[in-house]
Amino acid sequence: MKRTWLLIALFLLLGAGAYYTLRLKKTQTGSHVSWDMDFAVKNPGDIAKIFIADRRGQTATLERQGDTWIYNGRYKARPTAVQTLLETLSELNVLFIPPKSSEESTIRGLAAEGIKVEIYGKNGEKLKSYYVGGMTNDERGTYMIMDGAEQPYAVHVPSFIGQVRVRYMVGDDNWRDRTVFEEKPEDIQSVSIEYPQQKSESFRIEKTDGAGYDVQPLFSTTPRSKSPLRKGIVEAYLLQYEKLGAEGFETDYPLRDSVTALVPFAIVSVKKNDGQEKQVRFWPVSIQYTTVSGEPFVVRYFTDVNNGESFLMTQEHVFGPIFRGYHFFFSEPEKPRLRN
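The structure reproduced in this document is the subject of the present report. (Residues numbered from 1 in each chain as written. Predicted model: local features only at pLDDT ≥ 70, side-chain atom pairs only at ≥ 80, totals over all residues. Heavy atoms only, no water.)

## Here's the deal with helix α2 (residues 79-91)
- For α2, spanning 13 residues, the distance from its first C-alpha to its last is 18 Å, which sits close to the expected 18 Å at 1.5 Å a residue.
- What α2 keeps buried is the set Ala-81, Val-82, Leu-85, Leu-86, Thr-88, Leu-89 and Ser-90.
- Residues of α2 that are buried make contact with β1 (47-53), β2 (59-65), β3 (68-71), β6 (115-121), β7 (126-135) and α4 (172-175). (Helix = DSSP H or I, 4+ residues; strand = E, 2+ residues; numbered from the N terminus. Expected span 1.5 Å × (residues − 1). Buried < 20%, exposed > 50% of the residue type's maximum accessible area, 1.4 Å probe, protein only. Contact = heavy atoms within 4.5 Å.)

Encoded structure:
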């Protein structure tokens with residue numbers, strides 16, 4: 001009788017242990033996991049390169065160069081997008097193991113629509129390689145499988161509700177930095193703005209040999225102002241170029257060629273001390289009207305950078321401070337005193 005009770009107790013103990021082990025495996029996170037569950041790179045600082053590819057042949061390669069990330073070896077990557085991805089890569093945790101009944105369909109989905117992700121360290125070593133699939137039915141997790149593994153998992157980021165697949169983006173407009181101008185004033189050699197329909201307000205700022213600047217009309221038909229430059233006005237104006245970004249890209253806008261064939265509102269050219277130049281053209285696209293007088297005012301511009309390098313949407317409230325006229329930089333002439 002005692003033997004029977006001992007066997008029953010042992011059976012229950014083993015059963016409880018097995019249940020506990022399986023349950024732990026389904027929710028296990030951190031460093032004590034099997035290799036095929038360990039999706040996270042705990043220290044984002046160890047990551048030097050990220051490669052992403054979808055089944056349609058689109059790829060994205062992000063490489064760290066100092067404090068900057070470069071996209072596809074050509075463009076500066078959008079910092080906020082990179083930071084979001086790095087946080088995701090470091091926080092991935094297994095949420096649960098898919099049930100056996102759905103395991104086969106999960107693997108088929110990963111094979112058909114999965115995004116391939118490869119993560120490399122500073123010495124070129126491959127840190128992680130896995131596939132990212134679709135969402136779980138409850139939309140709390142995303143199916144993933146490690147490259148070379150047989151077991152898929154539902155993975156999540158604990159601080160984020162929803163699928164993480166959207167953070168593994170491909171396509172130029174998703175990753176490219178939207179900054180139009182990012183120039184330190186001391187690095188600027190000259191700035192010119194042409195207003196094709198207001199030529200008398202077009203101007204050019206040129207750095208002189210000393211610490212000063214010369215402001216002159218862009219066209220010889222405009223007489224030079226006889227008034228003195230306003231103190232500190234050029235330095236304050238050049239500060240506006242430190243960080244000017246676009247709302248978004250309009251690369252696939254169907255009437256893009258028609259827009260760029262029109263006369264622009266403004267053409268802004270910036271030349272740096274090292275000889276690099278950038279030319280940006282603006283066309284009003286979104287116009288609203290004041291409620292009181294009914295006067296129109298521009299809200300947004302189509303914007304072309306370097307004759308087709310980028311085509312973006314920019315906002316007046318961001319770029320308006322650089323749209324100044326020639327006479328803005330000069331003091332009004334002193335009025336003569338009346339004599340008795």
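## Here we look at the packing of aromatic side chains
- Taken as a whole and assessed by the stated rule, the structure comprises 20 aromatic pairs.
- Plain terms: the ring middles of Tyr-301 and Phe-323 are 5.5 Å apart, the flat faces sit at 65° to each other, and that makes the pair edge-to-face. One end of the pair, Tyr-301, is in strand β18 (residues 296-305); the other, Phe-323, is in the segment after α7 (316-319), with 22 residues separating them in the sequence. With respect to burial, Tyr-301 and Phe-323 carry one shared label: buried. (Phe/Tyr/Trp six-rings, centres within 6.5 Å; stacked < 30°, edge-to-face > 60°.)

## Describing the sheet that holds strand β15 (residues 248-249)
- One open sheet holds the eight strands; their spatial order is β13-β12-β11-β16-β17-β18-β19-β15, and the pairing between them is antiparallel. At either end of the open sheet lies a strand with only one pairing partner, and these are β13 (213-217) and β15.
- Taken together, the six bridges between strand β16 (residues 266-272) and strand β17 (residues 277-289) define a ladder with antiparallel strand orientation. Within the sheet, the bridge partner assigned to Val-270 lies in β17 and is Lys-278. (Pairing = 2+ DSSP bridges.)

## Describing the nonpolar core
- With 39 residues, the main nonpolar core has Leu-92, Tyr-130, Tyr-168 and Trp-175 as its most contacted residues.
- Mapped by element, the contributors of at least two residues to this core are β1, β2, β3, α2, β6, β7, β8 (142-146) and β9 (153-156).
- Here this core gets five residues from one element, more than from any other, and that element is α2.
- Residues within four places of Leu-92 in sequence aside, it is in contact with Phe-39, Ala-40, Tyr-130, Met-144, Val-155, His-156, Val-157, Val-164 and Tyr-168.
- In this structure, Ile-188, Val-191, Val-268 and Phe-330 belong to the second largest nonpolar core, which totals 32 residues. (Core = buried A, V, L, I, M, F, W, Y, C linked by side-chain atoms within 4.5 Å.)

## What about the pairing of β7?
- Two elements, β6 and β7, share six bridges in a ladder whose sense is antiparallel. Residue Ile-119 lies in a different strand from β7, and its bridge partner there is Lys-128.
- Connecting β6 to the next strand, β7, in antiparallel fashion are four residues, including Gly-124 with a positive phi near 85°.
- Where β7 and β8 come together, four bridges link them in antiparallel fashion. If you follow Tyr-131 over to β8, its bridge partner there is Ile-145.
- Between the end of β7 and the start of β8, which pair antiparallel, lie six residues, with Glu-139 showing a positive phi angle near 60°.

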